[in-house]
Amino acid sequence: MGVARHPPLLLFCFMLFFSSASSTLPPFACDASLPLTHSVGFCKTSQPVSHRVEDLISRLTIDEKISQLVVKAPGIPRLGIPSYNWWSEALHGIGIAVGGVQFPGDEIEYGIYGVQFNGTVRSATSFPQVILTAASFNPLLWYRIGEAIGTEARGIYNTGQSTGLTFWAPNINIFRDPRWGRGQETPGEDPFVASKYAVSYVRGVQGDSFYGQKSPDGPDHLKASACCKHFTAYDLDDWKNVTRFTFDAKVSLQDLADTYQPPFKSCVQEGRASGIMCSYNMVNGVPTCADFNLLSRTARQKWHFNGYIVSDCDAVAIMYTSHHYSKTPEDAVGAAVEAGMDIDCASFLLKHTKSALQQKKLSESDIDRALRNLFSVRMRLGLFNGNTKKLLFGKIGSSQVCSKKHQDLALEAARDGIVLLKNSAKLLPLSPIKTGSLAVIGPNANTTETLLGNYQGPPCKRISPLQALQSYVKVTKYSSGCDKVACKSLGSIDKAVEIAKAADYVVLIMGLDQTEEAEGHDRLDLVLPGQQRTLITRAAKAAKKPVILILLSGGPLDISFAKRNPNIGSILWAGYPGEAGGLAIADVIFGSHNPGGRLPVTWYPQKYTRIPMTDMRMRSDSASGYPGRTYRFYRGQTVFKFGYGLSYCTYSYEFISVTRNSLFLKPSDITKASSHSNGSSALYQTELMGVEFCESLKFSAVVAVQNHGEMAGRHPVLLFARGSDVKPGAAAKELVGFESVHLTAGEKAEIEFTVKPCDHLSRTDENGSKVMERGSHFLLVGDSEYKINLNG
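Residues numbered from 1 in each chain as written. Predicted model: local features only at pLDDT ≥ 70, side-chain atom pairs only at ≥ 80, totals over all residues. Heavy atoms only, no water.

Take the overall build of the chain next. When its secondary structure is counted, the chain shows 23 helices and 29 strands. Whereas a compact globule of 792 residues would reach a radius of gyration of roughly 28 Å, the chain reaches 27 Å, a difference of no more than 12%. The buried share among the 792 residues of the chain stands at 63%. Long-range pairs, those at least 24 residues apart, make up 78% of the contacts in the chain between residues at least 6 apart in sequence. Accessible surface for the chain amounts to roughly 29,000 Å². Of this, 50% is attributable to carbon and sulfur atoms. Computed over 83 positive and 73 negative side-chain charges, the separation of the two mean positions in the chain equals 3 Å. (Helix = DSSP H or I, 4+ residues; strand = E, 2+ residues; numbered from the N terminus. Rg over C-alpha atoms; globule rule 2.2 N^0.38 Å. Buried < 20%, exposed > 50% of the residue type's maximum accessible area, 1.4 Å probe, protein only. Contact = heavy atoms within 4.5 Å. Areas by Shrake-Rupley, 256 points an atom, 1.4 Å probe, with all protein chains shown as cover. Lys, Arg positive; Asp, Glu negative; His and termini not counted. Charge placed at Lys NZ, Arg CZ, Asp CG, Glu CD.)

Below, the structure written as structure tokens:
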């Protein structure tokens, strides 16, 4: 058991703690103005973090050690260590709201985060919900948003309104099923996109450059700490009484390797995230927070993760109470800590770790390991270096929260994410000069709250779509048509129809909100709720000209009726576009911005809901009629395909140059690249080829893209790869590169993609290994394709 071995420091550290805690400064340890600070090992900033942490741990009693294993870590006054709250949210801006989520127990006082908006800072920039930001297919934009969030996080901390700098974002789970209530929080259904998003966002938040370089002023310092969640195969909340607290996800090695794990691997290896959150669910019979293979062997040993691992809130408790994986509370504590989890988002460990130690369910060395990870992150944040306002990031203040720069970025992100799904006869953009009157109809028209999505904070500004449209057209009449998004009554539809008849143009703003899809609440249907379809159809029929339909939602919708209806001229999907979403919608409608977003998820027909959400298989199965999931493996009709999105301009593509059109997979020096003959084909395991050989296969593909329209626009260019024919278990096609480019009217640009055959021209076999197949492969962009031969 640990004991306090440095009693002479007791009085000094007691004074140190209260000198900083009683001031208006943000909490910190190791006040340099006090004489004994420099003699305390964990305060010596000239020493490596690892040495400082060991010194600190050596001074703790066992009770003090255990006290630090929970989300609201208390202070240790005798050592001058202030309290610390590990739980803060920053999904798409500094947030405070989970949205009325029901959790499985009462182990923690929910909703009490490290950040409080109760002082100088009363709000933070609310960027679009992640699913809309993903539609921009622009990693630099994602990085800039992360950078702004990290800056605002540090600014709030420096004002003294925060007791933590660890933020539990991004959510990089795959949007596997269109009904998932939390799909809105993710970058979509593609693992490659989710991986790129994770890396870009984390680098921005933590203070690295876009390309991953650390700051020369502090290579081991974090501006703020990002946390990749939820590890892993978590994408069901509450569907037909199957909840995330009891769900056992049955996942194949194949699907784990090429769908569920890649975003987390990238987040750790390329993004260098300092946190991971293990999820509520079990995977193949083992709770993720008790899975040594997942947390220790994979994340720490194989991926070299350097940070802390936190449980989702109450996840350790439910191993005992809901999963019944552990016979006693002590068994649950031992399983989680020994697996590699470091901190409990609850108080379960606080209650049961002492008895678990006494029962030898875990050892003190396991606790010390967890403390090393936890205190290392706090030290990397600069919280043990004295007054943080005098250090790196110390000059960031309240003026950089809700700055004009950040609010402009929120507007840019909302504009660039909006997807134009239909534009018959070029109805849009409307002319603000020629539009004499406007009817704005729908339950989402006069709201600011719905724009924010979940995990929102108080936004800098609030402007509804209705208010933004009124700034373009003075004669604008409004009717909700439905009292709420659920739209269970037809009572207000007649008024909506009347104003639709009289207006020059009609804008219908419909869709979903957090009552229809949210954390803890999955959908049962993909159609618009209640009487929304009736409202849309009747208003469109009454209008003088084809109407404009705007959809706010996180998840896909089956709007086949609107797609086919000639009275509906244009359809825009605006996700949950954040604080500037109302302005962005109006700017797109009236041509101040040319839409260029592309769908990051497949939009399925309603009949897709026949498939149980609990079926985790990605690949289709013709024998059972299972259609598969996402654009890579789904074999069925769609409402709109992944990557679909129109513009006010048309674009053309052409392969200008490809540095290789043939690759040879059997050079004389690669003797271990075993091939398995299968008729005329051969499979080569990329792992056996080796990193050096795989690197030697890389080549460049240059694509020319031209804007043939009369407006400037930002346009995402998506590069796919596919085999000559789709083998069983292989994807129909895979996204292997994307870049967002801004082109003026008539402008042409060339984009260079790096193709990595071992990653991009391979597939995953049933054992979870990457294999390359001899034969023809194709690169695809738009309607253009380029053939690559893999010769064995």
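After that view of the structure, there is still more to cover.
Here the focus is empty space enclosed by the protein. The tally for this structure, following the rule as stated, stands at 8 cavities of 30 Å³ or more. Taken as a whole, the largest cavity encloses approximately 70 Å³ of empty space. Every residue lining the largest cavity is counted, 14 residues in all, and those nearest its centre are Glu89, Asp312, Cys313, Tyr455 and Glu519. The residue inventory of the lining of the largest cavity, partitioned by class, reads 7 nonpolar, 1 polar and 6 charged. Estimated volume of the second largest cavity: approximately 60 Å³. Split by residue class, the lining of the second largest cavity holds 5 nonpolar, 4 polar and 2 charged. (1 Å grid on protein atoms, 1.4 Å probe; cavity = no way out; pocket = protein on both sides within 12 Å on 5 of 7 lines; lining within 4 Å. Points joined across faces, edges and corners; volume = space filled by probe spheres on them. Nonpolar A, V, L, I, M, F, W, Y, C, P; charged D, E, K, R; others polar.)

Contact geometry of helix 2 (residues 49-58) with helix 13 (residues 364-380) gives a least axis separation of 9 Å together with a crossing angle of 125°. By the criterion of interaxial angle, the relationship of helix 2 to helix 13 is oblique. In the crossing of helix 2 with helix 13, the sense of the turn from one axis to the other is right-handed. Where helix 2 approaches helix 13, its residues Val49, Arg52, Val53, Glu54, Leu56 and Ile57 are matched on the opposing element by Asp368, Leu371, Arg372, Phe375, Ser376 and Met379. Split by residue class, the contact of helix 2 with helix 13 holds 7 nonpolar, 1 polar and 4 charged. (Axes fitted to C-alpha atoms, helices over the stretch in contact; angles between N-to-C directions. Parallel < 35°, antiparallel > 145°, perpendicular 65-115°, else oblique. Left-handed = near helix turned anticlockwise from the far one by under 90°.)

What follows is about the layout of surface pockets. Reported here for the second largest pocket is a volume of approximately 1,200 Å³. The wall of the second largest pocket is formed by 38 residues, among which Arg598, Gly643, Tyr644, Gly645 and Leu646 lie closest to the centre. Put simply, the parts of the chain that give the lining of the second largest pocket at least two residues each are strand 18 (651-658), strand 23 (713-723) and strand 28 (775-781). For the lining of the second largest pocket, the residue count by class is 17 nonpolar, 14 polar and 7 charged.

Scanning the model with the defined rule gives 35 salt bridges in all. Arg617 serves as the salt-bridge partner of Asp621, at 3.6 Å between the closest nitrogen and oxygen. Using a relative accessible area of 27% as the deciding quantity, one classes Asp621 as partly exposed. The class of Arg617 is partly exposed, set by a relative accessible area of 34%. Residues participating in the shared-partner salt-bridge network are Arg182, Glu185, Asp237, Arg244 and Glu519. (Salt bridge = Lys/Arg side-chain N within 4 Å of Asp/Glu carboxyl O.)

With that settled, consider the sheet that holds strand 16 (residues 547-552). What links the strands of a sheet is backbone hydrogen bonding, and the strands pair in either a parallel or an antiparallel sense. Sheet architecture is open: 6 strands sit in the order 12-17-16-15-13-14, paired in mixed fashion. Every interior strand has two partners, whereas the edge strands, strand 12 (419-423) and strand 14 (476-479), have only one. Direction aside, the axes of adjacent strands within the sheet are offset by 15° on average. (Pairing = 2+ DSSP bridges.)

Moving on, we come to the side chain of Ser266. For Ser266, the location among the structural elements is in helix 8 (residues 262-269). Residues contacting Ser266, with those up to four places away along its chain left out, are Ser195, Val199 and Gly271.

This part is about the state of the cysteines. All chains considered together, the criterion is met by 7 disulfides. With a sulfur-sulfur separation of 2.0 Å, Cys30 is cross-linked through a disulfide to Cys43. On the sign convention where negative means left-handed, the S-S torsion of about -75° between Cys30 and Cys43 marks this disulfide as left-handed. Taken together, the residues span a long stretch of sequence, with Cys30 in the loop between helix 1 (10-21) and helix 2 and Cys43 in the loop between helix 1 and helix 2 at a distance of 13 residues. Each of the two residues, Cys30 as well as Cys43, counts as buried. Paired by a disulfide, Cys694 and Cys758 hold their sulfur atoms 2.1 Å apart. Taking the torsion about the S-S bond as the criterion, the Cys694 to Cys758 disulfide, at about -85°, is left-handed. Taken as a pair, Cys694 in helix 22 (residues 691-696) and Cys758 in helix 23 (residues 757-760) lie far apart in primary sequence, 64 residues in all. An identical accessibility class is assigned to Cys694 and Cys758; each is buried. Looking at Cys227, it has no disulfide partner, and the nearest cysteine sulfur is the one in Cys228, 6.6 Å off. (Disulfide = S-S within 2.5 Å.)

Below, the discussion takes up helix 7 (residues 253-260). Structural remark: α-helix, 3.6 residues per turn; residues separated by three or four positions point the same way. Burial analysis of helix 7 places 6 of its 8 residues in the buried class, the great majority of the element. Taken residue by residue, helix 7 has Gln254, Asp255, Leu256, Asp258, Thr259 and Tyr260 as its buried positions. Elements that come into contact with the buried residues of helix 7 comprise helix 6 (191-206), helix 8, helix 20 (630-633) and strand 26 (762-764).

Turning next to the nonpolar core. Buried together is how nonpolar side chains tend to be arranged in soluble globular proteins. Trp168, Ile559 and Trp603 are the most contacted members of the largest nonpolar core, which totals 207 residues. The element best represented in this core is helix 5 (residues 139-158), accounting for 8 residues. One finds Tyr651, Phe693, Leu697 and Val736 within the second-largest nonpolar core, a separate group that totals 34 residues. (Core = buried A, V, L, I, M, F, W, Y, C linked by side-chain atoms within 4.5 Å.)

Time to look at unusual backbone geometry. Pro170 follows Ala169 through a cis peptide bond whose omega is 15°. Considering the arrangement of structural elements, one finds Pro170 in the loop between strand 3 (166-167) and helix 6. In this chain, Lys229 is followed by His230 through a cis amide linkage whose omega measures 0°. One non-glycine residue, Ala425, adopts positive backbone phi at about 55°. Looking at the element boundaries, Ala425 is found in the loop between strand 12 and strand 13 (438-441). We classify Ala425 as exposed; its relative accessible area is 79%. The phi torsion at Thr630 lies on the positive side, around 65°, for a residue other than glycine. When its relative accessible area of 0% is taken as the criterion, Thr630 is described as buried.

Within a regular strand, the side chains alternate between the two sheet faces. With 3 bridges connecting them, strand 19 (residues 662-664) and strand 29 (residues 784-791) associate as parallel partners. Of the residues in strand 29, the one forming a bridge with Ser662 is Asn789. Sheet analysis places strand 28 next to strand 29, joined by 7 bridges and oriented antiparallel. Within the sheet, the bridge partner assigned to Phe778 lies in strand 29 and is Lys787. Hairpin remark: strand 28 followed by strand 29, antiparallel, with 2 residues in the connecting loop; positive phi at Gly782, about 60°.

Along the chain, Leu56 turns up in helix 2. Linking Leu56 and Phe375, residues 319 residues apart in sequence, is a C-alpha distance of 8.6 Å. With near-sequence residues (within four places) excluded, Leu56 lies in contact with Phe42, Leu79, Ile81, Phe375, Met379 and Phe384.

Right, let's get into the confidence of the model for the chain. Here the chain shows a mean pLDDT of 92. Residues at 70 or above account for 92%. When the criterion is pLDDT under 50, residues 106-111 qualifies, and its contacts beyond four places in sequence or with other chains add up to 18 contacts. Note that pLDDT drops below 50 for residues 668-680; the model gives that stretch 19 contacts with residues more than four away or on any other chain. (pLDDT = per-residue confidence, 0-100.)

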